[in-house]
Amino acid sequence: MLKRLDNRQDAGFGAEGEAKLKGLGKSLKLEALKRAFGQRVVLDGLSLDVPAGQFVAIVGRSGVGKSTLMRLIVGLDQPEAGQVVIDGKPVRGLQDSVRLLFQDARLLPWQSVLSNVGIARAPGWRETALEALREVGLADRANDWPAVLSGGQRQRVALARVLVGRPSVLLLDEPFGALDALTRVEMHELLESLWLERRFTTLLITHDVAEAVALADRVVVIKNGRLAFDVDVSAERPRDRTDPELAALQARILKEV
Ligand SMILES: Nc1ncnc2c1ncn2[C@@H]1O[C@H](COP(=O)(O)OP(=O)(O)OP(=O)(O)O)[C@@H](O)[C@H]1O
Ligand SMILES: [Mg+2]
């Protein structure tokens, strides 16, 4: 299946390279964010404090403003009030250290898999793009067109593309929603192992509360434009998805959504 870890030696990461990758995460603070579209107030003073490296799952009903929130954090949109603070500094506009992965892979069909990952074309981009593909277990598909990949493989390419810049904050907007159950579990394992290795600060939007408690350190619920519920998931990793405590936690969260 995923040979990512086995291939690390080939990628030319020495012990030194590995050390540099660890602890990438930066703290993320959302301070009283407000965003309205016409009369409709979507985010109404939403605040959230995420320590560096924490993995937070965000759940909430459809239309509650989750994607809007992601666009504000990544800098694709601006709040009417409030601010986003990363590593203690207020930010505005797009940041290299903050990357967003969407539900659909959004690959360019006329570019190879490798070129899709190395879209920024920084010096040495081929090697870094190949490295990122190795990390998601797809180095052997570097020269293929996106069209010949499966949905899960395309999403792994999209994941490689957001990882290539070594983000400090990774935002995932329903990234596995369109995948079948088995592929989804594979993607969970991949994401968890990458996060355990790099510790980027992670916000994962999901409709799937089982996914939220399986992956996150903390689950928050958005309702009426604000945080309505906030709970830590203390179960040890790797988590046993059949753990009755996780099931009980899921039921508790669902009541709050
Ligand atoms: N550019 C926009 N112009 C007008 N309204 C918008 C715009 N973007 C979002 N909205 C509205 O803001 C609300 C929140 O949308 P958003 O996409 O953030 O919801 P969501 O929580 O991500 O929902 P879903 O779970 O269905 O993806 C919706 O009512 C939507 O119609
Ligand atoms: Mg959305």
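Just above sits the structure.
Residues numbered from 1 in each chain as written. Chains lettered and ligands numbered in written order. Predicted model: local features only at pLDDT ≥ 70, side-chain atom pairs only at ≥ 80, totals over all residues. Heavy atoms only, no water.

What follows covers the nonpolar core. Counting 48 residues, the largest nonpolar core has Leu133, Val136, Val157, Leu159, Val219 and Ile253 as the members making the most contacts within it. Broken down by element, this core gets its largest block of residues, six residues, from helix 5 (residues 151–163). When residues no more than four places from it in sequence are discounted, the contact partners of Leu159 are Leu101, Val136, Met187, Leu190 and Leu194. Ranked by size, the runner-up nonpolar core spans 26 residues in total, among them Leu28, Val56, Val64 and Ile73. (Core = buried A, V, L, I, M, F, W, Y, C linked by side-chain atoms within 4.5 Å. Buried < 20%, exposed > 50% of the residue type's maximum accessible area, 1.4 Å probe, protein only. Helix = DSSP H or I, 4+ residues; strand = E, 2+ residues; numbered from the N terminus. Contact = heavy atoms within 4.5 Å.)

Taken together, 13 residues sit near ligand 1, with Ser62, Gly63, Lys66, Ser67 and Thr68 positioned nearest. Between ligand 1 and Gly63, the relevant distance is 2.8 Å, taken from an oxygen atom to a main-chain nitrogen or oxygen of the residue. Residue Ser67 places a side-chain N or O atom 2.8 Å away from an oxygen atom belonging to ligand 1. When ligand 1 is considered free in solution it has 640 Å² of accessible area, and contact with the protein chains removes 62% of it. Of all the secondary-structure elements, those providing two or more residues to the shell around ligand 1 are strand 2 (40–50) and helix 2 (66–74). Of the residues in the shell around ligand 1, the class split is three nonpolar, six polar and four charged. (Near = heavy atom within 4 Å. Polar contact = N/O pair within 3.5 Å; in protein donor to acceptor, adjacent residues only side chain to side chain. Areas by Shrake-Rupley, 256 points an atom, 1.4 Å probe, with all protein chains shown as cover. Nonpolar A, V, L, I, M, F, W, Y, C, P; charged D, E, K, R; others polar.)

The next point concerns the pattern of salt bridges. In the structure shown here, the tally under the stated rule is 11 salt bridges. Here Glu135 makes a salt bridge to Arg198, at a shortest N to O gap of 2.6 Å. Here the residue Glu135 occupies a position in helix 4 (residues 125–135), and Arg198 occupies one in helix 6 (residues 181–198), the gap between them amounting to 63 residues. You'll find Glu135 and Arg198 in the same group, each marked buried. Among the ionic pairs, Asp144 bridges to Arg141, the shortest N-O distance being 2.5 Å. Take Asp144: its relative accessible area is 24%, and that puts it in the partly exposed class. (Salt bridge = Lys/Arg side-chain N within 4 Å of Asp/Glu carboxyl O.)

With that out of the way, let us pick up the packing of aromatic side chains. Considering all chains together, one arrives at one aromatic pair under this definition. For the pair Phe55 and Trp195, a centre-to-centre distance of 5.5 Å together with 75° between the ring planes defines the contact as edge-to-face. Of this pair, Phe55 sits in strand 3 (residues 55–59) while Trp195 sits in helix 6, placing them 140 residues apart in sequence. Note on Phe55: relative accessible area 0%, which makes it buried. Against the face of Phe102 rests Arg106, its NZ or CZ located 3.8 Å from the ring centre. One cation-aromatic arrangement involves Arg199 over Trp195; the distance from NZ or CZ to the ring centre is 4.4 Å. (Phe/Tyr/Trp six-rings, centres within 6.5 Å; stacked < 30°, edge-to-face > 60°. Lys NZ or Arg CZ within 6 Å of the ring centre and 35° of its normal.)

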